[in-house]
Amino acid sequence: MPNRILLRIVVALAVVTSATVAAQAPLNIRLATLAPESSPWTSALRSMGAAWTKATASRVRLTVYAGTIPSESSAIARMAVDGLQAATLTAGGLAEIDESFNVFGIPFFFQSDAEVAFVQEKMAPMIAQRLQAKKFHFINWANAGWVQLFSKNPIRSIGDLKRAKLYTGEGSPKTVQWYTSNGFHVVPLSLGEIPKQLKLPTGAIDAAPSPPVFALTLQFFRDASYMLDIRVAPLTSATIMTDSAWNRISPDDRTKMIEAAQTMEKQIQAQAPALDAKSINEMKAAGLQVITLDASALGAFQAAAESQLATQRGNMVPPDVFDAAVRARTAFRTSAGR
Amino acid sequence: MIDAQPAALGETAEPGTPSGPRALLALTEDSVATLAAIGIMVLPLGEIVLRRFFSTGIPGAAPFTTHLTLILGLIGAAIAAREGKLLALATGTMMPEGRPRHVAGIVAAFVGALVTTILALGGVRLLQVHYEVAKEIAIGVPTWAADLAFPIAFGLIALRLVWRSSPAAIGRAVAALGIVAGAWISTHPELLLDQSGWPWIAVLIGAAILGMPLYALIGGAAVILFLVQGDSPANAIIGSYDQLTSTDLPAIPLFTLAGFLLAEGHASDRLLRLFRAFFGWAPGGTAVVTAILCAFFTLLTGGSGVTILALGGLLMPALIADGYRERFSLGLLTAAGSLGLLFPPSLPLILYGIVAEVPIGDLFVGGFLPGLLMLGALAALGVREGLAIGSVRRRFTIREALAATWSAKWELMLPVVIIGSLLAGATTVQSAALAALFTLVVQRFIQRDLAGFGDLRRAMSRSIALVGGILIILAVAVGFTTYLIDAQVPARLADWTRANVESKWVFLLGLNAFLIIVGGMMDIFSSIIVVVPLIVPIARHFQVDPIHLGIIFIANSELGYLTPPVGENLFVASYRFNKPILHIAGAMLPMYIILLIGVLLVTYVPWLTLGLLR
């Protein structure tokens, strides 16, 4: 049956051709982030993309959508339907995928950039594994400085803090509950309300944890003119990719991409302190008063915060993740103390 | 020409009251929507009271409020479809009577049902996604429960398009094939992959001309364009979900309800008397008051469509009674609804500051003179009209002024309630909820304008169908915007500008044209988020001051609200005053021209913006 043979050859050829075409077709990764177009994070992502294109001989391309998604939840949903293949999200957004990311939002848990970097490095495999279970691949960390405490009246102790009317996001009733049960007075509001509420004499809040760059941009430091230099929490972000996209990349290319991603991570990590300092200096010049606690006051603050730490375990952060984070932090502090 | 009337689709449908299962369905829809509306009012108020006086709160008050808004908007749209109130091009009614119109109705319903089925199944996909990640609204209530509104509402709308397409069973059967085709395309997305989208868009436009509702044109374009590039239509629905659950959106149904409660009673009579007492002596007095009051309302509510809804019912009769031509009054009310965006604490100004990273305080100061200029321009037009028609002028007497003030004291309290609550720290939504509750209590129990439960229910159901008709268009428009962003249309435009434009003045002129077009296609909040980051670097390249750029942006957006095809004020006014959009657009032309001159002055005289800042 020559016809049948011919047919088989044609089919075989077609399969081979389409397979080659598939192997050669560049994979376009669409990545979204809340960071605005003109921010250092966006330009770092773009240079990572350029490095990916170069390292994979254009087999992988990265398109960065900066500041175009309405929310991080939206980016997560878009990844689930393959409308996006990657996203750089803050810990708050990532916690929607896996609560382990809440560990980076625990108030007063971390004290320094080095400590955060150490704990992140130790926890990366565990977090990567948890993400894997949710069909995402961990790419890199992208830290963006520290959340500080801005207030209308000076705050010097945890007692002062508990008397303040504190801003918190309205997306997480669990966080509200945690603060309330620990004796804080929080008011859930949308981000856009912060400047207005701080300006009003009878506003709903009189203190707001915020990254300095945000207080500067929104100018609310003019009303909340005290900043407690306490490092509430690091503003941690991470880049993740969907498994379905990641699995389309050859192992060789993946290695090269991760190398480029780690270069970006280091670059951002190195930039962040200077960016914070720049914002704080600009605000100081415009009248911001920075409160720095002396050793004993700081100790008391941290001890008080530490005593409430356990209430995060299992409630906000999965117990095993929480324990691993505490272990890593202890290891860092022990080695640093030595 | 766009018409809020039941265009071609409704013409051939059976009138009469539904009975049996359909009546039960209607009752269920009305009840769900009403309960959602009550929730949107009660939750923010409960939150204020508990938070302020008891240091507690309602867990998840804000997320529950936004998700109830989603349910209200979508079910409201299904109700609008039931009552033939979905916005459609009026061209369908221009088809010759008889067979051609009958066929046109069936074709339009076929395409509409096809698109709507794809949207419904996109909603199912969104529901699955939220179910898989176990997303919660709050305190353990799953998000998918709210997502159910997507497939249910779009499903009902598709069925209603089919039902209303023809009185004959065969006609309905043909239209129903649209549902089958939509389901087929949704399950075989590869059919459209890598095809050109244009023939499909042409079909959609054709169907819209034959009378298909407007949301199906915009939503259809979004899903088809996504399918062509190999993406799921669920991407568009995710955009819709984001829009319908956005923080300040609940203010729209709340202010609408307040407006309808006022409109159902005699509030307009009392306010009319008040205006006459105070401004009746001046030429164009009532027109001037209209401009000021609208600007004032818009700066409070942030969205100018709301202003037309809330004040249209009051000011329209007042203007007519004072002798203004209906055409002028329509134009004035539609245009004045967009004033106010330049005055603090306007939401778009704040959002612009956030996105462009410029001090919001400077924007507030910078916007003041341009805001006054635009307001003054419209007021001047009012005076001219007053002089030209010799509008009724009355002698001013202290006695009548006091009496009129006293009789309208409760209505006058409404702005006081809104501003007072905002100044006391309420959010926009909380303030809107308070305004709705205040109006309800005043109209039902104090003024007793709404005699019984029936009046109340009528005001409620009218506002629900209206809100549904508006929100469904906003929702699918965001789906379309999502596609544009994915396709990097705005980014490419920016690259092109940088490469091809050299002079600052040419850039500014191009920017004006571009922003007016964008404003006509996107709502102001989306356009700020999408467009501002793109134009800021280009403007820096041309050395345009960032504060000046912000004011140019917002001033242009005011015009965008009035620009077809999607200019929000046009379709809101079309709804509110029951007039075709083309009629409204024509009536508004003189106001548009004078505002355009204002925008050009704001653009080319930077001093107007920067003078007070220096």
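Our subject is the structure listed above.
Each value, and the rule that gives it
- Residues numbered from 1 in each chain as written.
- Chains lettered and ligands numbered in written order.
- Predicted model: local features only at pLDDT ≥ 70, side-chain atom pairs only at ≥ 80, totals over all residues.
- Heavy atoms only, no water.
- Phe/Tyr/Trp six-rings, centres within 6.5 Å; stacked < 30°, edge-to-face > 60°.
- Buried < 20%, exposed > 50% of the residue type's maximum accessible area, 1.4 Å probe, protein only.
- Lys NZ or Arg CZ within 6 Å of the ring centre and 35° of its normal.
- Helix = DSSP H or I, 4+ residues; strand = E, 2+ residues; numbered from the N terminus.
- Polar contact = N/O pair within 3.5 Å; in protein donor to acceptor, adjacent residues only side chain to side chain.
- 1 Å grid on protein atoms, 1.4 Å probe; cavity = no way out; pocket = protein on both sides within 12 Å on 5 of 7 lines; lining within 4 Å.
- Points joined across faces, edges and corners; volume = space filled by probe spheres on them.
- Nonpolar A, V, L, I, M, F, W, Y, C, P; charged D, E, K, R; others polar.
- Axes fitted to C-alpha atoms, helices over the stretch in contact; angles between N-to-C directions.
- Parallel < 35°, antiparallel > 145°, perpendicular 65-115°, else oblique.
- Left-handed = near helix turned anticlockwise from the far one by under 90°.
- Contact = heavy atoms within 4.5 Å.
- Core = buried A, V, L, I, M, F, W, Y, C linked by side-chain atoms within 4.5 Å.
- Buried area = accessible area lost by both parts, 1.4 Å probe.
- Salt bridge = Lys/Arg side-chain N within 4 Å of Asp/Glu carboxyl O.
- Pairing = 2+ DSSP bridges.

Draft legend 1. Examining the packing of aromatic side chains more closely. All names here are of chain A. Summed over all chains, the structure comprises 21 aromatic pairs over all chains. Ring geometry for Phe104 against Phe110: centres 5.9 Å apart, planes inclined by 10 degrees, an arrangement best described as stacked. The buried category is assigned to Phe104, whose relative accessible area is 1%. We classify Phe110 as buried; its relative accessible area is 2%. When the ring of Trp178 is compared with that of Tyr179, the centres are 5.2 Å apart and the planes differ by 70 degrees; the resulting orientation is edge-to-face. Judged by relative accessible area, Trp178 falls into the buried class, the value being 5%. According to the relative accessible area criterion, Tyr179 is buried, its value standing at 13%. An aromatic cluster of at least three residues, connected via ring pairs, comprises Phe101, Phe104, Phe109, Phe110, Phe138 and Trp141. The ring centre of Phe184 lies 5.3 Å from the NZ or CZ of Lys162, which sits over that ring. In this structure, Arg329 is placed above the aromatic ring of Phe109, and the distance from its NZ or CZ to the ring centre is 4.3 Å.

Draft legend 2. Structural context of helix H3 (residues 72–80) of chain A. All names here are of chain A. H3 sits mainly inside the fold: 7 of its 9 residues count as buried. Along H3, the residues classified as buried are Glu72, Ser74, Ala75, Ile76, Ala77, Arg78 and Met79. Taking the backbone nitrogen of Ser74 as reference, a side-chain oxygen 3.1 Å away marks Ser71 as the first, capping residue of H3. Remark: Asp82 follows H3 within two positions and exhibits a positive phi of approximately 65 degrees.

Draft legend 3. Inspection of the layout of surface pockets at higher detail. Each pocket or cavity is described by its volume, and for the second largest pocket that value is around 790 Å³. Of all the secondary structure elements, the ones that give two or more residues to the lining of the second largest pocket are helix H7 (173–181) and strand E7 (185–189) of chain A together with helix H2 (21–54), helix H3 (61–82) and helix H20 (428–446) of chain B. The element that contributes the greatest number of residues to the lining of the second largest pocket is H2(B), accounting for 8 residues. Residues of the lining of the second largest pocket, tallied by class, amount to 22 nonpolar, 15 polar and 7 charged.

Draft legend 4. Broad picture of the packing of helix H2 (residues 40–55) of chain A against helix H11 (residues 251–285) of chain A. Residues and elements named next belong to chain A. Close contact between H2 and H11 brings their axes to 9 Å; oriented N to C, the two are set at 160 degrees. Considered as vectors, H2 and H11 are oriented roughly antiparallel to each other. The interaxial crossing formed by H2 with H11 has right-handed handedness. Across the interface between the two elements, Pro40, Trp41, Ala44, Leu45, Met48, Ala51, Trp52 and Ala55 from H2 touch Lys256, Met257, Ala260, Ala261, Met264, Gln267, Ile268, Gln271 and Leu275 from H11.

Draft legend 5. Main features of the nonpolar core. Residues and elements named next belong to chain B. Counting residues in hydrophobic clusters, the biggest one holds 214 residues, and the most contacted among them are Phe154, Ile157, Tyr215, Tyr352 and Leu378. The element contributing the most residues to this core is helix H21 (residues 453–486), with 16 residues. The residues touching Tyr352, leaving out its near neighbours within four places in the chain, are Glu357, Val358, Leu363, Ile528, Val532, Val536, Pro546, Leu549, Gly550, Phe553 and Ile554.

Draft legend 6. Fine view of the interface of chain B and chain A. Tallying the contact residues gives 41 residues for chain B and 38 residues for chain A. Regarding the contact of chain B and chain A, the summed buried area is about 3300 Å², with carbon and sulfur atoms giving 58% of it. There are 4 salt bridges connecting chain B and chain A. A:Arg30 serves as the salt-bridge partner of B:Asp486, at 3.5 Å between the closest nitrogen and oxygen. For the pair chain B and chain A, the interface holds 7 residue pairs in polar contact (both at pLDDT 80 or more). Elements with a minimum of two residues in the side of chain B that touches chain A: H2, H3, helix H4 (99–132), helix H10 (234–244), helix H16 (347–356), helix H19 (409–423), H21 and helix H24 (524–541) of chain B. Looking at which element gives the most residues to the side of chain B that touches chain A, the answer is H10(B), with 4 residues.

Draft legend 7. Quick peek at the pairing of strand E5 (residues 146–151) of chain A. Residues and elements named next belong to chain A. The buried count for E5 comes to 6 of 6 residues, which makes it a mostly enclosed element. Neither face of E5 is open: one carries Trp146, Gln148 and Phe150, the other Val147, Leu149 and Ser151, and all of them are buried. Here E5 pairs with strand E9 (residues 226–234) via 5 bridges, running antiparallel. Pairing of Ser151 across the sheet is with Tyr226, part of E9. In this structure, E5 lies alongside strand E8 (residues 207–210), joined through 4 bridges in antiparallel fashion. Considered in E8, the bridge of Leu149 is made with Pro209.

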